[in-house]
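# Working through the structure, step by step
Given next are the chains, with one letter for each unit.
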Amino acid sequence: MALIIEDGTNVTGASSFVTLAEARAFALARGVTLSADDATVEALVIKASDFLNQLEGEFQGLRTTPNTQPLVFPRAGVYWLSYLVESNTIPGALKNAQCQLVVDQAGGVDLQPVGTGAEILEEMVGPIRTKFAPSGTNAATPTLSTFYGFISGLLAPGSSVTGGSINIEVAT
């Protein structure tokens, strides 16, 4: 399956912001060699796009054509370093962030960890006490500090994914 690249013009069926060549060049510049199998790397690129799409509510601005646009960009109302980003472009920071997610995955990071609910949370040997995770997962959420470093300027002020806001409720 070939990648369909979003270039800022609302490409029908777009699946990525970066080409396979861009992802490979980004990785190589950082001393990471991706799989020689294009299909394997394309799957990582698409998973990175999926991860970016899950951050929809964290980005500044709004999709330019929300009813037909498959990816979170292009967007209107996005500022980078106090400058308005044209709504028909894909910011370089977003492309770098997607490439970083590819590198992270190639290094073994699971962007969508899922558990079986049978993971042992606590264990005692005598007198035998084992505590399992409830239905769902106890899989660790990946730490993606380099990714968030690339993308932080595109996120809305107070974005929860970077710890920008803390809600404290005081009982009265």
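Residues numbered from 1 in each chain as written. Predicted model: local features only at pLDDT ≥ 70, side-chain atom pairs only at ≥ 80, totals over all residues. Heavy atoms only, no water.

## Focus on the overall build of the protein
Basically, it comes down to this: The helix count covers DSSP runs of H or I at least four residues long, the strand count covers runs of E at least two residues long, and both are numbered beginning at the N terminus. Whether a residue is buried, partly exposed or exposed follows from its accessible area with a 1.4 Å probe, protein chains only, as a fraction of its type maximum: under 20%, in between, or over 50%, in that order. It only takes one pair of heavy atoms within 4.5 Å for two residues to be counted as in contact. Note on areas: these come from Shrake-Rupley sampling with a 1.4 Å probe, and a residue is covered only by the protein chains present in the view.
Helix and strand counts for the protein come out as four helices and six strands. Taking all 172 residues of the protein together, 34% fall into the buried category. When contacts within the protein are restricted to residue pairs at least 6 apart in sequence, those whose partners lie at least 24 apart make up 53%. For the protein, the accessible surface area stands at approximately 10,000 Å², while carbon and sulfur atoms represent 56% of it.

## Topic: the pattern of salt bridges
The criterion, for reference: What counts as a salt bridge is simple: a side-chain nitrogen of Lys or Arg found within 4 Å of a carboxyl oxygen of Asp or Glu.
All chains considered together, the criterion is met by four salt bridges. Of the charged contacts in the structure, one is a salt bridge between Asp 38 and Arg 24, with a shortest N-O distance of 2.8 Å. Highlighted residues: Asp 38 in helix α2 (residues 38–53) and Arg 24 in helix α1 (residues 20–29), separated in sequence by 14 residues. Take Arg 24: its relative accessible area is 24%, and that puts it in the partly exposed class. Among the ionic pairs, Glu 56 bridges to Arg 63, the shortest N-O distance being 2.7 Å.

## Side note on the nonpolar core
To be explicit about the condition: Side-chain atoms within 4.5 Å link the members of a nonpolar core, which is a set of buried Ala, Val, Leu, Ile, Met, Phe, Trp, Tyr and Cys residues.
Residues Phe 59, Phe 73, Leu 94, Phe 147 and Ile 151 are the most contacted members of the largest nonpolar core, which totals 38 residues. Elements that contribute at least two residues to this core include exactly α1, α2, α3 (92–106) and α4 (145–151). Top contributing element to this core by residue count: α3, with seven residues. With residues up to four places along the chain from it excluded, the contact list for Phe 59 reads Leu 52, Val 72, Phe 73, Arg 75, Leu 94, Ile 151, Leu 154, Leu 155 and Ala 156.

## Here's the deal with the packing of α1 against α2
Heads up, the rule is: The convention used is that axes are lines fitted to C-alpha atoms, helices contributing only their stretch in contact, and that angles between N-to-C directions extend from 0 to 180 degrees. Working definition: roughly parallel below 35 degrees, roughly antiparallel above 145 degrees, roughly perpendicular at 65 to 115 degrees, and oblique for all remaining angles. Residues were grouped as follows: Ala, Val, Leu, Ile, Met, Phe, Trp, Tyr, Cys and Pro as nonpolar; Asp, Glu, Lys and Arg as charged; and all remaining residues, including Gly, as polar.
Running from N to C, α1 and α2 cross one another at 90°; their axes reach a closest spacing of 10 Å. With respect to their mutual orientation, α1 and α2 come out roughly perpendicular. Contacts between α1 and α2 involve Leu 20, Ala 23 and Arg 24 on the former and, on the latter, Asp 38, Val 41, Glu 42 and Val 45. Considered class by class, the residues forming the contact of α1 with α2 number four nonpolar, no polar and three charged.

## Comments concerning the side chain of Ser 16
Stated precisely, the cut-off is as follows: Pairs of N or O atoms are called polar contacts if they sit within 3.5 Å, as long as, within protein, a hydrogen donor faces a hydrogen acceptor (for residues adjacent in sequence, only side-chain-to-side-chain pairs).
Among the secondary structure elements, Ser 16 is positioned in the segment before α1. A distance of 3.1 Å separates the side chain of Ser 16 from the side chain of Gln 98, its partner in a polar contact. In contact with Ser 16, other than residues within four places in its own chain, are Leu 3, Ile 4, Ile 5, Glu 6, Val 45, Ser 49, Leu 71 and Gln 98.

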